[in-house]
Amino acid sequence: MSAVLNPPQREAIRYLDGPLLVLAGAGSGKTRVITQKIAYLIQECGFSPSNIAAITFTNKAAKEMQERVAQLLDGKPDGLTISTFHSLGMRILREEAKVLGYKPRFSIFDSNDCFAILSDLSGSADKATIRRLQTLISNWKNGLIQPDAALANAESEIEKLAAQAYASYAATLKAYQAVDFDDLIVLPVLLFDSYPEVLDKWQNRLRYLLVDEYQDTNACQYRLLKQIAGPRAAFTAVGDDDQAIYGWRGADIENLRGLPRDYPNLKLIKLEQNYRSTVRILKAANAVISHNEKLFDKKLWSDLGHGEAISVTVCRDSEKEAEHVAMKLQAHRFEHRGKFSDYAILYRGNFQARIIEQHLRDQRVPYLLSGGQSFFDKAEIKDITAYLRLLANNDDDPAFIRAVTTPKRGVGSSTLEALGTYAGERHISLFAAAFEEGFARRVQARQLGPLVDFCEFINRIEYRAQREPAGTVMNDLLGAIGYEAWLMSEEERKVAMTRWESVQELVSWLARRGEEDNKNLIELTQMIALINMLEKREDADAPDAVQLSTLHASKGLEFKHVFLIGVEEGVLPHRESLDPVKLEEERRLMYVGITRAQRSLHVTYAERRKQGRDFFPCEPSRFIAEMGEDLRFSGGKVDAPPDKATGAARLAAMRAMLAGKAG
């Protein structure tokens with residue numbers, strides 16, 4: 001990017017006369033505007049760093065902002081908040097926990113912990129049903145819909161089941177002194193609604209807000225922002241209505257539409273100069289997105305030159321498509337003397353990755369799969385690390401609950417609820433509460449026995465873990481809890497064996513590291529926590545490999561050369577997203593895919609795809625016809641030499657076909 005700010009960027013940085021919306025097109029330097037504005041507020045306007053909060057959606061984006069601000073200000077200033085929405089929510093809750101009846105060291109349950117609670121409450125063992133309940137409850141929370149309202153408005157049987165479980169689920173979490181991911185936003189909103197003096201404190205603390213990716217906010221996040229901004233309304237919101245692609249998880253583009261209504265004196269500044277892509281790529285992106293109804297009119301432009309023609313390749317089937325992409329990528333890389341990491345292969349759904357992976361492996365092309373499951377995220381590894389976390393920190397309540405119930409050892413949900421209630425009243429951990437006389441008087445001896453036995457077992461293992469080799473202690477721990485036998489009883493034999501192999505891999509790794517680094521099991525546990533928390537590094541240490549990613553996961557990234565595959569009706573746009581509102585989001589997804597490319601863009605689609613044993617015909621996506629006429633076609637039934645006339649003829653035929661379908 002040019003070292004000099006362009007006029008709209010400069011205006012956005014210096015504007016302080018009221019609320020500001022920066023409409024930032026793809027690749028237009030929005031992160032630069034946010035970080036430079038933070039520096040401007042501190043250096044030129046006399047703001048204390050502790051009075052500024054920059055809020056974004058991912059840890060990666062927050063980390064990048066922190067690094068850029070540190071460069072601008074020679075180190076990150078004390079007290080400056082640069083965090084995700086959920087990190088800010090957690091900070092508010094930790095500080096105000098007692099007001100809401102929580103202890104400051106409340107636990108944050110992950111999706112698996114919450115899944116187990118809902119499974120118990122609903123009495124269902126069907127995983128798909130429980131996941132649906134989780135989604136419904138999450139959507140209600142993010143829409144600020146309370147359990148009674150959810151029940152009153154429930155229409156289908158699954159909605160009624162979810163609404164009935166919702167109230168009990170919230171009560172169970174509270175009894176465990178735990179919150180889920182959604183609560184990190186919902187509870188601060190409810191707190192601020194109920195306690196004006198607490199809201200006043202936070203409004204005076206965070207006096208200027210900068211919000212990144214504003215189009216991705218949901219109703220609850222928007223409410224939180226409005227609460228903290230208060231009547232002062234000192235904020236800069238940065239967003240792009242053309243990149244709103246997360247409607248399926250509660251993001252509401254209406255929040256962009258609502259800003260001018262809620263803040264009549266809102267200033268709008270557009271960033272339309274793109275510093276990423278060539279003219280041809282931007283022309284195609286602008287052409288596609290022009291078919292959507294516009295909230296705000298804008299057109300990206302670039303001075304990076306005309307660039308390579310966009311290629312559209314028609315392949316016989318998905319097998320040939322994968323083969324073509326692998327070979328073309330290799331040839332293109334050789335011709336341009338590039339690195340593998342210059343390339344990305346993007347697709348609508350994860351199901352498209354498998355066949356591409358197979359062909360890349362055949363061609364010995366190294367690749368990284370975005371969103372692949374981490375070793376430490378596997379259920380069996382989380383089961384065992386729950387024991388290790390509890391050994392290292394007896395106050396880790398989620399670890400306590402996972403360990404005491406996996407494998408089951410006679411400690412039921414009613415015992416745990418009683419323990420959670422008692423621990424909440426006493427503001428102590430579940431582990432500590434199990435040993436107290438006051439708790440013993442609340443439950444029957446048959447409930448207390450297995451619980452105390454478990455806690456004493458943990459104490460014995462903890463004593464050994466500080467003194468004996470890690471491998472020895474791990475093997476004894478697994479033998480004592482009977483984990484292998486439990487796996488065999490819970491899963492099909494093949495699945496159980498695979499999961500047990502993962503556990504053995506963990507034990508071997510711990511034993512080896514313990515010997516090499518002269519560390520005991522407690523010290524190694526802290527190392528696991530650090531490894532698990534470190535996000536995949538995207539810097540110079542990253543391997544030279546092609547990036548495979550869904551379009552949703554690619555947002556915010558850029559690559560010199562992009563292959564956009566499976567661009568067919570029913571895939572992109574998705575067959576379940578053909579109503580007008582969802583179709584607009586699918587078109588924005590195509591726009592995001594196009595604008596990831598810096599220098600070249602290669603679009604492919606198949607004439608037929610295999611489902612089961614049979615092939616089914618495919619039609620090119622309507623979005624290809626919408627990209628304009630400056631496309632180079634090749635492949636297909638008539639593999640004529642690609643030229644502009646052929647491209648225009650194909651586009652005309654494609655448009656006629658789509659018009660016929662619409663009619």
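Residues numbered from 1 in each chain as written. Predicted model: local features only at pLDDT ≥ 70, side-chain atom pairs only at ≥ 80, totals over all residues. Heavy atoms only, no water.

Draft legend 1. View of the UniProt feature "binding site: ATP" (unreviewed entry) in the protein. Here, the residues flagged by UniProt with the feature "binding site: ATP" (unreviewed entry) are Ala24, Gly25, Ala26, Gly27, Ser28, Gly29, Lys30, Thr31 and Arg276. The named residues occupy 253 residues along the chain; their greatest pairwise C-alpha distance, 13.5 Å, places them in one compact cluster. Mapped onto the elements of the fold, Gly25 is located in the loop between β1 (20-24) and α2 (30-43). Classification of Gly25 as buried rests on a relative accessible area of 4%. Excluding residues within four positions of it along the chain, Gly25 makes contact with Asp240, Gln243, Leu271, Lys298 and Leu300. (UniProt positions renumbered as here; feature names shortened; annotations may be inferred. Helix = DSSP H or I, 4+ residues; strand = E, 2+ residues; numbered from the N terminus. Buried < 20%, exposed > 50% of the residue type's maximum accessible area, 1.4 Å probe, protein only. Contact = heavy atoms within 4.5 Å.)

Draft legend 2. Molecular detail of the sheet that holds strand β8 (residues 267-271). The sheet built from six strands is open, its strands ordered β3-β2-β6-β7-β1-β8 with parallel pairing. Two strands in the sheet have a free side with no partner beyond their single neighbour: β3 (81-84) and β8. Neighbour-to-neighbour, the strand axes of this sheet turn through a mean angle of 15°, independent of strand direction. Relative to strand β6 (residues 208-211), strand β2 (residues 52-56) runs parallel, the two sharing four bridges. Paired with Ala54 across the bridge in β6 is Leu210. (Pairing = 2+ DSSP bridges. Axes fitted to C-alpha atoms, helices over the stretch in contact; angles between N-to-C directions.)

Draft legend 3. Here's a closer look at the packing of aromatic side chains. Scanning the entire structure with this criterion turns up 11 aromatic pairs. Taking the centre distance of 6.1 Å and the plane angle of 80° together, the rings of Phe47 and Tyr208 count as edge-to-face. In this pair, Phe47 is assigned in the loop between α2 and β2 and Tyr208 in strand β6, connecting sequence segments 161 residues apart. A relative accessible area of 24% means that Phe47 is categorised as partly exposed. Note on Tyr208: relative accessible area 2%, which makes it buried. Relative to Tyr222, the ring of Tyr214 lies with its centre 6.0 Å away and its plane at 85°, an arrangement referred to as edge-to-face. Directly above the ring of Trp202 sits Arg205, whose terminal nitrogen or CZ lies 4.3 Å from the centroid. The side chain of Arg608 reaches across the aromatic face of Phe615, ending 3.8 Å from its centre. (Phe/Tyr/Trp six-rings, centres within 6.5 Å; stacked < 30°, edge-to-face > 60°. Lys NZ or Arg CZ within 6 Å of the ring centre and 35° of its normal.)

Draft legend 4. Molecular detail of the nonpolar core. By size, the foremost hydrophobic cluster in this structure holds 72 residues, and its most contacted members are Phe400, Leu419, Phe454, Tyr483 and Leu521. The leading source of residues in this core is helix α21 (residues 445-465), at nine residues. Among the domains, domain 2 (107-176) and domain 4 (376-536) are the pair contributing at least three residues each to this core. Ignoring anything within four residues of it in the chain, the contact list for Tyr483 reads Glu380, Asp383, Ile384, Thr406, Pro407, Leu478, Arg499, Trp500 and Val503. By size, the runner-up hydrophobic cluster in this structure holds 41 residues, among which are Leu21, Ile55, Tyr102 and Tyr263. (Core = buried A, V, L, I, M, F, W, Y, C linked by side-chain atoms within 4.5 Å. Domains from an automatic or database assignment.)

Draft legend 5. Representation of the packing of helix α22 (residues 470-481) against helix α24 (residues 493-517). Orientation of α22 relative to α24, taken along the N-to-C sense of each, is 150°, at an axis distance of 7 Å. By the criterion of interaxial angle, the relationship of α22 to α24 is roughly antiparallel. Like other packed secondary-structure pairs, α22 and α24 cross with a definite hand, here right-handed. Every residue of α24 that contacts α22 at Ala470, Gly471, Met474, Asn475 and Leu478 is listed here: Trp500, Val503, Gln504, Val507, Leu510 and Ala511. Classifying every residue of the contact of α22 with α24 gives eight nonpolar, three polar and no charged. (Parallel < 35°, antiparallel > 145°, perpendicular 65-115°, else oblique. Left-handed = near helix turned anticlockwise from the far one by under 90°. Nonpolar A, V, L, I, M, F, W, Y, C, P; charged D, E, K, R; others polar.)

Draft legend 6. Representation of the environment of Tyr176 in the model. Residue placement: Tyr176 occurs in the loop between α8 (157-175) and β5 (178-179). Residue Tyr176 is classed as buried on the basis of its relative accessible area of 6%. Taking the C-alpha atoms as reference points, Tyr176 and Phe106, 70 residues apart in sequence, are found 8.6 Å from one another. When residues no more than four places from it in sequence are discounted, the contact partners of Tyr176 are Phe109, Ile117, Asp397, Ile401, Leu416, Glu417 and Gly420.

Draft legend 7. Examining helix α16 (residues 379-392) more closely. Given a rise of 1.5 Å per residue, 14 residues ought to cover 20 Å, and the 20 Å separating the end C-alpha atoms of α16 matches this to within 8%. Within α16, 11 of the 14 residues are buried, which leaves the element mostly enclosed by the surrounding structure. When we look at burial in α16, the residues that qualify are Glu380, Ile381, Lys382, Asp383, Ile384, Thr385, Ala386, Tyr387, Leu388, Leu390 and Leu391. (Expected span 1.5 Å × (residues − 1).)

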